[in-house]
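Residue-level listing of the chains:
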Amino acid sequence: MKKALVAVLAGGALLTAGTPALAQTSKTTLGPYGYGQVRLGMSAKQAKATGKIVLKMAGQQGSCAGWDLKAHPTGKDSVGLYISKKHGVAGIFAPKGVKTPEGIGIGSTLKQLKKAYPKLKTAASGFPYSSVPGNSKADYYFLASKGKIYQVALALKTQDCFN
């Protein structure tokens, strides 16, 4: 499933991050600044120091490296997050059972999505996305099939890993 998101999002808009030092995020919530101790904009060194991630695929000449959250390993052709050499942690994919603070996660309906994010937009490639309430530097991306969400990502608006 995450491979599909990477393919759909693979043209990447550039996103930048500013991570407030005192931002609070529950381990079971994706956003507004990250997931647990892993925060958008953290360098690879800072993210590794949390002890919460493991390298899955190294970046090639300036590209982003793919990582997994230790507590939520992904399948063969997918990753749990991307770290950009330029922007740090650029995008985090919601593990199963994890929701945004507005209650949207894998299995949510499009109706629930539209209610939670009334200013929902549609990308040129057709997938819905929304600004993140409480973090003007990030967006949520959603992939759906048959009226249900099957992928949720939190990403910097300036990320350079996927589109």
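On a predicted model such as this, the values are computed, not experimentally measured, just so you know. (Residues numbered from 1 in each chain as written. Predicted model: local features only at pLDDT ≥ 70, side-chain atom pairs only at ≥ 80, totals over all residues. Heavy atoms only, no water.)

**Digging into the overall build of the protein**
A count of helical and extended segments in the protein gives 3 helices and 10 strands. When the helices and strands of the protein are listed from N to C terminus, the series reads α-β-β-α-β-β-β-β-α-β-β-β-β. When the 163 residues of the protein are sorted by exposure, 45% land in the buried category. Carbon and sulfur atoms form 56% of the exposed surface of the protein, whose accessible area is close to 8200 Å². (Helix = DSSP H or I, 4+ residues; strand = E, 2+ residues; numbered from the N terminus. Buried < 20%, exposed > 50% of the residue type's maximum accessible area, 1.4 Å probe, protein only. Areas by Shrake-Rupley, 256 points an atom, 1.4 Å probe, with all protein chains shown as cover.)

**Some remarks on the pattern of salt bridges**
Inspection of every chain in the model, using the stated rule, returns 2 salt bridges. When the shortest N-O distance is used, the salt bridge between Asp139 and Lys157 registers 3.4 Å. In this pair, Asp139 is assigned in strand S9 (residues 135-145) and Lys157 in the segment after strand S10 (148-156), connecting sequence segments 18 residues apart. Assessed through its relative accessible area of 7%, Asp139 is described here as buried. The exposure class assigned to Lys157 is partly exposed, which follows from its relative accessible area of 28%. (Salt bridge = Lys/Arg side-chain N within 4 Å of Asp/Glu carboxyl O.)

**Some remarks on the packing of aromatic side chains**
If you walk through the whole model with that rule in mind, you get 9 aromatic pairs. Look at Tyr82 and Phe162: their rings are 5.8 Å apart centre to centre, the planes differ by 45°, and that puts the pair in the tilted class. Of the two residues, Tyr82 is situated in strand S5 (residues 81-84) and Phe162 in the segment after S10; the sequence distance between them amounts to 80 residues. Each member of the pair, Tyr82 as well as Phe162, carries the same accessibility label: buried. An angle of 25° between the planes, with centres 6.1 Å apart, marks the rings of Tyr129 and Tyr141 as stacked. Of this pair, Tyr129 sits in strand S8 (residues 128-132) while Tyr141 is found in strand S9, placing the two residues 12 residues apart along the sequence. An aromatic cluster is built from Tyr82, Phe93, Phe127, Tyr129, Tyr141 and Phe162, whose rings are joined through pairwise contacts. (Phe/Tyr/Trp six-rings, centres within 6.5 Å; stacked < 30°, edge-to-face > 60°.)

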